[in-house]
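A look at the structure
Now for the letters of each chain:
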Amino acid sequence: MIDYRSAGRLPRKPHTVFRDDAGNLLHEYCFTRVGFDGPFTISYHRRPPQDHGDGAPHPSLWPQRVEASFDSGDPLRRRHLRSQDLGPGGSPTSGRRPLLFNADLTLGVVCPTEDDAYYFANGDGDDLFYIHKGGGEVRSSYGNLTFGPGDYVLIPRSVIHRIVLDGSPQHWFWMECRSGLRTPNQYRNPVGQLRMDAPYTHRDFRSPALPDVIDPDGPRVVVSKRRDRFSRHLYRHEVLDTVGWDGTVYPFVFPISRFSPKAGQVHLPPTVHGTFATGGSLVCSFVPRVVDFGEGAIPCPYPHSNVDVDEVIFYCDGDFTSRRGVSGGSLSFHPAGVPHGPQPGAYERSVGVKSVTELAVMIDTFEPLRITEAGMSLEKPDYDESWWSA
Ligand SMILES: [Fe+2]
């Protein structure tokens, strides 16, 4: 939902006769959000998109979102989850591991080793991946979209797709955004264009290219998910047979390196790093940048209590001024209710620093997050005590 785009062949007007070169009628498909009031895309297909059948239950492709029991030790504490310790496995869909969740979000990691052998349609939310390592291609009804390290990849709710890997080791941070993902409202002007002072431009977002054949010899099976229940649907024809589309709903890639950071005379709040928003969360990008330049400025984030917000950071690369003991793949989970801030010495050391190399993705959520058993299993002990001065 970045802007209006189109690909392939389209009739002059929607809902009118449109034929292929042999004279066959092509089939229109309207893909709408918020009933018929929200963003939409209209696509054209060689076969009717509704021609599927034999809908049946399908085993869960990934562990359900279940809170770790309080009995197993779930007090309010700051946690360090090492997703780099999670063994690789599964496909981009079956390899997902929910670590934290609330009604708005599922946060997890995926380290897939094999391609999806079926198409998937997540009816529970928009899937946003941050590609820490790896790459591949999203094949969907909108065409093919390649991605690599440092890319955000968005797949909108219910878009039929599969992901084919490029053969390199994969490590992705995954956000299932149940209320939908958008750009923050303040980045848009009255006609919906990204403002000139937004931290990115329309040109920074890549959308799928539409070849004549999207997925040669692709599967004839679609697995859907709605209310956390998986179902299987069979097709008797090629599933991805789009000849053209236009609209505002389509998968996109946004490279985190295209985010333009801001610096101030003194420290600016994390909201200046805002990249995407959901109904109850803000996704922020911390990228290498010049830091606070005023006389006496302390570039390191100040100790704080953001009393209504839980905070999760996925650490990617570089040197983190405020945190020690974390590395690429680490997640910190700082729940509201207790203060957090720089670890001992970091505040003082940051004085006079001109620039930072950190690369990280942060999520602030209004509804408290709950941790899963898988999340608990990745917790590094003693993190909550690492603020104690020697
Ligand atoms: Fe914070």
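Residues numbered from 1 in each chain as written. Predicted model: local features only at pLDDT ≥ 70, side-chain atom pairs only at ≥ 80, totals over all residues. Heavy atoms only, no water.

Here we look at the domain arrangement of the protein
Under the domain assignment, the protein is made up of domain 1 (59-237) and domain 2 (257-385). Counting from both sides, the interface comprises 49 residues of domain 1 and, opposite them, 59 residues of domain 2. Of the roughly 5,000 Å² buried between domain 1 and domain 2, counting both surfaces, carbon and sulfur atoms make up 60%. If you sort the residues of domain 1 by the area they bury against domain 2, Arg 78, Arg 79 and His 80 come out on top, with a joint share of 17%. On the surface where domain 1 and domain 2 come into contact, there are 6 salt bridges. A salt bridge links Glu 379 to Arg 77, with the shortest nitrogen-to-oxygen separation between them at 3.3 Å. (Domains from an automatic or database assignment. Contact = heavy atoms within 4.5 Å. Buried area = accessible area lost by both parts, 1.4 Å probe. Salt bridge = Lys/Arg side-chain N within 4 Å of Asp/Glu carboxyl O.)

Regarding the sheet that holds strand β17 (residues 242-247)
Reading across the sheet, the 4 strands line up as β1-β17-β3-β2 and stay open at both edges, with antiparallel pairing between neighbours. On the outer flanks of this sheet lie β1 (5-8) and β2 (27-32), each paired with one strand and no other. Looking at each pair of strands side by side, their axes are set apart by 15 degrees on average, direction ignored. Two strands pair when backbone bridges link them, and strand β3 (residues 40-45) and β17 are joined in this way by 5 bridges, in the antiparallel orientation. Each bridged residue has a counterpart across the sheet, and for Thr 41 the counterpart in β17 is Gly 247. (Pairing = 2+ DSSP bridges. Helix = DSSP H or I, 4+ residues; strand = E, 2+ residues; numbered from the N terminus. Axes fitted to C-alpha atoms, helices over the stretch in contact; angles between N-to-C directions.)

A closer look at a nonpolar patch on the surface
Among the surface-exposed residues, Ile 298, Tyr 302, Tyr 347 and Val 351 lie close enough to one another that they form a single nonpolar patch of about 320 Å² accessible area. Here Val 351 lies in the loop between α1 (346-349) and β24 (355-356). (Patch = residues over 30% accessible without salt bridge, like charges linked within 9 Å, V, L, I, M, F, W, Y side chains within 5 Å. Areas by Shrake-Rupley, 256 points an atom, 1.4 Å probe, with all protein chains shown as cover.)

Considering the sheet that holds strand β18 (residues 252-255)
In spatial order, the strands read β18-β12-β9-β14-β7-β6-β26; together these 7 strands make up an open sheet with antiparallel pairing. Of all strands in the sheet, those with a lone pairing partner are β18 and β26 (370-371), marking the two edges. Pairing between strand β6 (residues 96-101) and β26: 2 bridges, direction antiparallel. By the bridge assignment, Leu 100 is partnered in β26 with Ile 371.

Observations concerning the coordination of the iron ion
Distances from the iron ion to its protein donors, His 304 (NE2), Glu 311 (OE) and His 340 (NE2), fall at 2.0 to 2.2 Å. Binding-site remark: the iron ion is held by donors from one chain whose sequence spacing is H-x6-E-x28-H. (Donors = N, O, S within 2.8 Å, 3.2 Å for Na, K, Ca; no water.)

A closer look at the packing of aromatic side chains
The full count for this structure, using the stated rule, is 24 aromatic pairs. The interplanar angle of 85 degrees and the centroid separation of 6.5 Å between the aromatic rings of Phe 31 and Tyr 142 together place this pair among those described as edge-to-face. Of the two residues, Phe 31 sits in strand β2 while Tyr 142 sits in the loop between β10 (136-140) and β11 (143-147), which places them 111 residues apart along the sequence. Like Tyr 142, Phe 31 is buried. Ring geometry for Tyr 187 against Tyr 200: centres 5.7 Å apart, planes inclined by 90 degrees, an arrangement best described as edge-to-face. (Phe/Tyr/Trp six-rings, centres within 6.5 Å; stacked < 30°, edge-to-face > 60°. Buried < 20%, exposed > 50% of the residue type's maximum accessible area, 1.4 Å probe, protein only.)

Here we look at the pairing of strand β12 (residues 151-155)
Side chains on a regular strand alternate between the two faces of the sheet. Across the 5 residues of β12, 5 count as buried, placing the element largely inside the fold. Of the two faces of β12, both are covered, the one formed by Asp 151, Val 153 and Ile 155 as well as the one formed by Tyr 152 and Leu 154. Alignment of strand β9 (residues 126-133) against β12, held across 4 bridges, turns out to be antiparallel. Note on β12: the bridge partner recorded for Asp 127 is Ile 155. Taken together, the 4 bridges between β12 and β18 define a ladder with antiparallel strand orientation. Paired with Val 153 across the two strands is Val 253, which belongs to β18.

Focus on the side chain of His 237
Here His 237 is to be found in the loop between β16 (229-235) and β17. For His 237, a relative accessible area of 6% translates into the label buried. Setting aside chain neighbours within four positions, we find His 237 in contact with Arg 47, Pro 48, Asp 51 and Arg 220.

Focus on the pattern of salt bridges
Scanning the entire structure with this criterion turns up 23 salt bridges. Of the charged contacts, one joins Asp 204 and Arg 258 as a salt bridge, the two residues approaching to 2.5 Å between their closest N and O atoms. You can see Asp 204 sitting in the loop between β14 (171-177) and β15 (221-226) and its partner Arg 258 sitting in the loop between β18 and β19 (274-277), a full 54 residues away along the chain. The partly exposed category is assigned to Arg 258, whose relative accessible area is 39%. Where Lys 225 meets Asp 228, a salt bridge forms, and the shortest distance between an N and an O atom there is 3.2 Å. If you follow the salt bridges from partner to partner, you end up with Asp 124, Glu 176, Arg 178, Lys 225 and Asp 228 in one network.

Describing the state of the cysteines
Under the counting rule described, the total for this entry stands at 0 disulfides. A disulfide-free cysteine, Cys 111 has its sulfur positioned 13 Å from the sulfur of Cys 316, the nearest such atom. Overall, Cys 111 belongs to the buried group, its relative accessible area being 5%. Cys 316 provides the cysteine sulfur closest to Cys 284, a residue in no disulfide bond, and the two sulfurs are 13 Å apart. (Disulfide = S-S within 2.5 Å.)

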